[in-house]
Amino acid sequence: MKKCPDNLFEQVQEFCQQLTSFIALALIFVFVFISFATAQKSKLLEIERNKPLHFEKNILPIFQTKCLACHSKSLALGNVVLENRETILAGTPQSLIVTPGNSDASKLFRVVAHLDEPFMPPPGNDIQPTSMTSEEIKLLKTWIDQGALGADNDSLFTQSQVKWKSLPATVTPIYSAAITPDSQYVACGRSNQIFLYHLISGQIVQRLVDPNLVNQNKFHAESKTAHHDLVYSLAFSPKENLLISGGYRTIKFWRSNEQEKPNLALDRVIGNVEDPSKIIGRVTALAFSPDGKLLATGSGESSRAGELKIWNIENAKLVKEISDPHSDTIMGLEFSPDGKFLATASTDRLAKIFDVSTSQLVHLYEGHSHHVLDVTWKADGKVLASSGADGVIKLWDTETGEQKETIEGYEKEITSLSFIGKTDQLLASSGDPTVRRGQQRLRGISNFIHTSVVSADGKTVVAGDQDGRLFIWHTPDIMPVHILRPTAVPPTIPLSSR
Ligand code: HEC
């Protein structure tokens, strides 16, 4: 709000000052606009979906017209310099603004997509800077998801193989976690590694290593990795000692032959990072059928169609592919308690229910105003809950297909959602950052929470954050009993092949 000057003279004076600065700024804007508009337009048209973007060619021209007036080296409002890739990756003295490979965790994307404040460019100025168009925002998102690359990475794309780029050792987010059906152990995917911990003692039990990756990849400072890239999803079989992990274009089976203690070893791999024919992109969602016989995988490439496949666990063969399930990546999957239906959550803003035997769409739930990130069934199978990047949870009637309720009160995206045991209470994690068990806010957390899970007996809750910390709470306590920190190993991220 502008304050109201109390006499006419002041009013006129202020008006004149505003007019002068308006004209000066307008001239600058016109100049900047003319010099870049032409170049930018032709560059935008050049972009093909699957080609990697790089900063100098695809992003800088946008920033030059819309951001550099306030974020140059000389002005640097908010300590943000958007003039080159290095200063963008360096962030502000307080925090990073880009997490390469993860636009949703990147402030730079969130403020222009109006997911977080301060919205950029700031609205309500005397000189209203032009907002980014949805096409430009999509480009920025894709650029970050591809690893926030620069021109010097360009040579990597002249070959047909997938090339790998290492991320800083400080990037060790936990995107995935799963608890064994006996509620004894938790597995978490921390960057490209998988750790197994005992829930009561908090002791590390095992670190899963893919022997094929040992000494294979020059980017790994240490070779104890489970996947080339980030571990996006994990699921334990409800019936046997089997863990499935999802990475870029691959899922891995980790089995134990011992009855008591899990001693998981790599048993088989489906897919190949070089070959999209089995699995198209990052496996962002995994779900077992209640009888443990089927595994559903959800994936997708940024802004391309989502992929939904169902595999036979016994022989690792593809049972079926549900064609055209979503127009974008599948982020969450869960079989209904009777195993007959499969619910999906997608970045196309929809949640859906498919009939597993016929592959037919049963319900389509429209109502979230942003990415749908997770879905969960109530134990009676009559209610499906979905959570979104719009910060709301929606409850849907699975018989009529109608929306029953919307739960608000989150300040950022709700990254994971589960019904707790057979109750109608929900466990939800959010970037705001909170982990909420029913009405309770669990304590101890301070950074973006990507995932949370609850044990089958409903007694233990686990969550993982952007800094690689794994939190364990036992009911009824709200303080965590364990906070398990990472040991730094630089992960790698895939740059798509042609
Ligand atoms: C008219 C001036 C202006 C323009 C134009 C502008 N910004 Fe900003 N920006 C600011 C100010 C002021 C801040 C500090 C806000 C604060 O402290 O909360 C800021 C902060 C930021 C931040 C850091 C947010 C945080 O939480 O610290 C990012 C990222 C950002 N801007 C990105 C952009 C992008 C991208 C554009 C172009 C699309 C842009 N800005 C255009 C003035 C501007």
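Up top is the structure these notes are about.
This text gives an overview of the structure that appears in the document. (Residues numbered from 1 in each chain as written. Predicted model: local features only at pLDDT ≥ 70, side-chain atom pairs only at ≥ 80, totals over all residues.)

A closer look at the packing of helix α2 (residues 55-66) against helix α5 (residues 134-145)
Packed helix pairs are characterised by how far apart their axes lie and by the angle those axes make with each other. Note the following rule: Only C-alpha atoms enter the line fits that serve as axes; for helices the fit covers just the stretch in contact. Angles between N-to-C directions range over 0 to 180 degrees. Put simply, DSSP marks the helices as runs of H or I at least four residues long and the strands as runs of E at least two long, and each gets a number from the N terminus on. These descriptions rest on fixed angle ranges, namely under 35 degrees for roughly parallel, over 145 for roughly antiparallel, 65 to 115 for roughly perpendicular, and the rest for oblique. Two helices crossing with the near one rotated counterclockwise from the far one by less than a right angle form a left-handed crossing, whereas a clockwise rotation gives a right-handed crossing. Placing a C-beta atom from the backbone of each residue, one calls two residues in contact when those atoms lie within 7 Å. Polar here means any residue outside two lists: the nonpolar Ala, Val, Leu, Ile, Met, Phe, Trp, Tyr, Cys and Pro, and the charged Asp, Glu, Lys and Arg; Gly therefore counts as polar.
The geometry of α2 relative to α5 is characterised by a closest axis approach of 10 Å and an angle of 140° between their N-to-C directions. By the angle between their directions, the pair α2 and α5 is classed as oblique. You can see that α2 and α5 cross each other, and the crossing is left-handed. Every residue of α5 that contacts α2 at Phe55, Asn58, Ile59 and Ile62 is listed here: Glu136, Leu139, Leu140 and Trp143. Classifying every residue of the contact of α2 with α5 by side-chain character gives six nonpolar, one polar and one charged.

Topic: the site of the ligand
Test applied: As used in this record, a residue near a molecule or strand is one whose C-beta atom, placed from the backbone, is within 6 Å of it.
Around the ligand, a shell composed of 22 residues is seen, among which Cys67, Cys70, Gly78, Met120 and Pro121 lie nearest. Looking at which element gives the most residues to the shell around the ligand, the answer is helix α4 (residues 107-112), with four residues. A class-by-class count of the residues in the shell around the ligand yields 16 nonpolar, four polar and two charged.

Things to note about α5
As a reminder, the rule being used: The span expected for a helix works out to 1.5 Å for each residue beyond the first.
With twelve residues, α5 ought to run about 16 Å at 1.5 Å a step, and its terminal C-alpha atoms sit 16 Å apart, in line with that. Of the surrounding secondary structure, the elements contacted by the buried residues of α5 are α2 and α4. Just downstream of α5 lies Gly147, where phi reads positive at about 110°.

Some thoughts on the pairing of strand β22 (residues 414-419)
Under the convention used in this document: For every residue, the other C-beta atoms within 10 Å of its own C-beta are counted; 20 or more classify it as buried, 12 or fewer as exposed, and values in between as partly exposed. C-beta atoms are placed from the backbone. A pair of strands is considered paired only if DSSP assigns at least 2 bridges between the two.
Burial within β22 is extensive, with six of its six residues counted as buried. Bridge count between β22 and strand β23 (residues 426-430): five bridges; the pairing is antiparallel. Its bridge partner lying in β23, Phe419 is registered against Leu426. Count of turn residues in the β22/β23 antiparallel hairpin: six residues, of which Gly421 carries a positive phi of about 50°.

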